[in-house]
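Fold and geometry: a report
Residues per chain, in single letters:
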Amino acid sequence: ISAALLNACRNAMELRPKDADTARAFFEQNFRPVRISRLGEGEGLLTGYFEPIVQGSRFPSPEFHIPLYRRPKDLIAAGYKPASVAFPNKGARIGRRNENNEFVPYHDRAAIEAGALDGQKLEICWIKSAFDLLVIQIEGSARVILEDGTPLRVSYDSHNGYRCSSIERVLIDRNLIPRGEMSPQRVRDWMAAHPEDAAKVQATNRSYVFFRVTGLSN
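In this text, all values refer to a predicted model and were calculated from it rather than measured experimentally.

Turning our attention to the overall build of the protein chain. Within the protein chain, the secondary structure is distributed over 7 helices and 9 strands. Expressed as lengths along the three principal axes of its C-alpha atoms, the size of the protein chain is roughly 60 × 45 × 45 Å. The 218 residues of the protein chain split such that 33% are buried. Taking contacts inside the protein chain between residues at least 6 apart in sequence as the whole, the part at least 24 apart equals 68%. Element-wise, carbon and sulfur atoms account for 53% of the exposed surface of the protein chain, whose accessible area totals about 14,800 Å². Considering the protein chain, the positive charge centre built from 30 side chains and the negative charge centre built from 26 side chains are found 7 Å apart.

As structure tokens, then:
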């Protein structure tokens, strides 16, 4: 497969398609479609990645009040070297040292949103919406357009050691949003209309992601 991909990449470098028809022809000529589905079923599931673009600010305000945090200094992964760029996603114990120097689980989402990281100057920037923060943490990166129009790109750096769980499932199970009405926009609208309840639902997802600023190319 590496040789096949190498050829496809070489062809792409030579072609540099500038319109949809040329791009489509490139994929039709260099790749073969394969249907993937459950045994006995005709349909499959295709998921995709995207990079959210949100408005943000370098400073907190009533409008921009949700922080995007960089990695805390007390976040520890067993066997992880602090100078290393890559933070382990699997197979490592994630936690911190308490006042007795005991290795304990790191702060979960509820604790962080209650102020566990306040005063550590970890804020990269501030955004408007807690829902946007959840989306950015799920996708792993974002482009934040600051107040002067400057684009700031942030990408995944580390996590607090808890498994990510679906708040959509919680909303359905608690009969807060009917399953048939579930969509990102429906969740956003509900969270905006019920901020106190939304905080409780968010806290059920104990996972929390930290970011770093990365280069932004054209």
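Right, let's get into the packing of aromatic side chains. Applying the stated criterion to the full structure yields 6 aromatic pairs. Ring centres 6.3 Å apart and planes at 70° place the aromatic pair Phe-26 and Phe-31 in the edge-to-face group. For Phe-31, a relative accessible area of 39% gives the class partly exposed. For the ring pair Tyr-69 and Tyr-208, a centre distance of 6.3 Å and an interplane angle of 45° mean the geometry is tilted.

Moving on to the nonpolar core. Counting residues in hydrophobic clusters, the biggest one holds 26 residues, and the most contacted among them are Leu-68, Ile-127, Val-144 and Phe-210. Secondary-structure elements contributing two or more residues to this core are strand 2 (66-69), strand 6 (123-127), helix 4 (130-139), strand 7 (141-145), strand 8 (151-159) and strand 9 (209-214). Ignoring any residue separated from it by four or fewer positions in sequence, one finds Val-144 in contact with Val-54, Gln-55, Gly-56, Leu-68, Cys-125, Ile-127, Thr-150, Pro-151 and Leu-152. Among the nonpolar cores identified, the runner-up in size contains 12 residues, and Val-170, Leu-171, Trp-190 and Ala-198 belong to it.

Looking now at the pattern of salt bridges. Taken as a whole, this structure holds 12 salt bridges when the rule is applied. The salt bridge involving Glu-51 is made with Arg-143; its shortest N-O contact spans 2.6 Å. Of this pair, Glu-51 sits in the loop between helix 2 (20-30) and strand 1 (53-57) while Arg-143 sits in strand 7, and the two are 92 residues apart along the sequence. We classify Glu-51 as buried; its relative accessible area is 19%. Take Arg-143: its relative accessible area is 29%, and that puts it in the partly exposed class. The closest approach of N and O atoms between Arg-188 and Asp-132, which form a salt bridge, is 2.9 Å. With Arg-188 in helix 6 (residues 184-193) and Asp-132 in helix 4, the pair connects residues that are 56 residues apart, well separated along the chain. Among the charged side chains, a network of salt bridges with common partners joins Glu-51, Arg-143 and Arg-153.

It is worth spelling out the packing of helix 6 against helix 7 (residues 195-203) at this point. Helix 7 packs onto helix 6 with a crossing angle of 120° between their chain directions and a minimal axis gap of 5 Å. Here helix 7 runs oblique to helix 6, going by the angle between their axes. On helix 7, the residues that touch Trp-190, Met-191, Ala-192 and Ala-193 of helix 6 are Pro-195, Asp-197, Ala-198, Val-201 and Gln-202. Its residues placed into classes, the contact of helix 6 with helix 7 shows 7 nonpolar, 1 polar and 1 charged.

What counts and how
- Residues numbered from 1 in each chain as written.
- Predicted model: local features only at pLDDT ≥ 70, side-chain atom pairs only at ≥ 80, totals over all residues.
- Heavy atoms only, no water.
- Helix = DSSP H or I, 4+ residues; strand = E, 2+ residues; numbered from the N terminus.
- Buried < 20%, exposed > 50% of the residue type's maximum accessible area, 1.4 Å probe, protein only.
- Contact = heavy atoms within 4.5 Å.
- Areas by Shrake-Rupley, 256 points an atom, 1.4 Å probe, with all protein chains shown as cover.
- Lys, Arg positive; Asp, Glu negative; His and termini not counted.
- Charge placed at Lys NZ, Arg CZ, Asp CG, Glu CD.
- Phe/Tyr/Trp six-rings, centres within 6.5 Å; stacked < 30°, edge-to-face > 60°.
- Core = buried A, V, L, I, M, F, W, Y, C linked by side-chain atoms within 4.5 Å.
- Salt bridge = Lys/Arg side-chain N within 4 Å of Asp/Glu carboxyl O.
- Axes fitted to C-alpha atoms, helices over the stretch in contact; angles between N-to-C directions.
- Parallel < 35°, antiparallel > 145°, perpendicular 65-115°, else oblique.
- Nonpolar A, V, L, I, M, F, W, Y, C, P; charged D, E, K, R; others polar.

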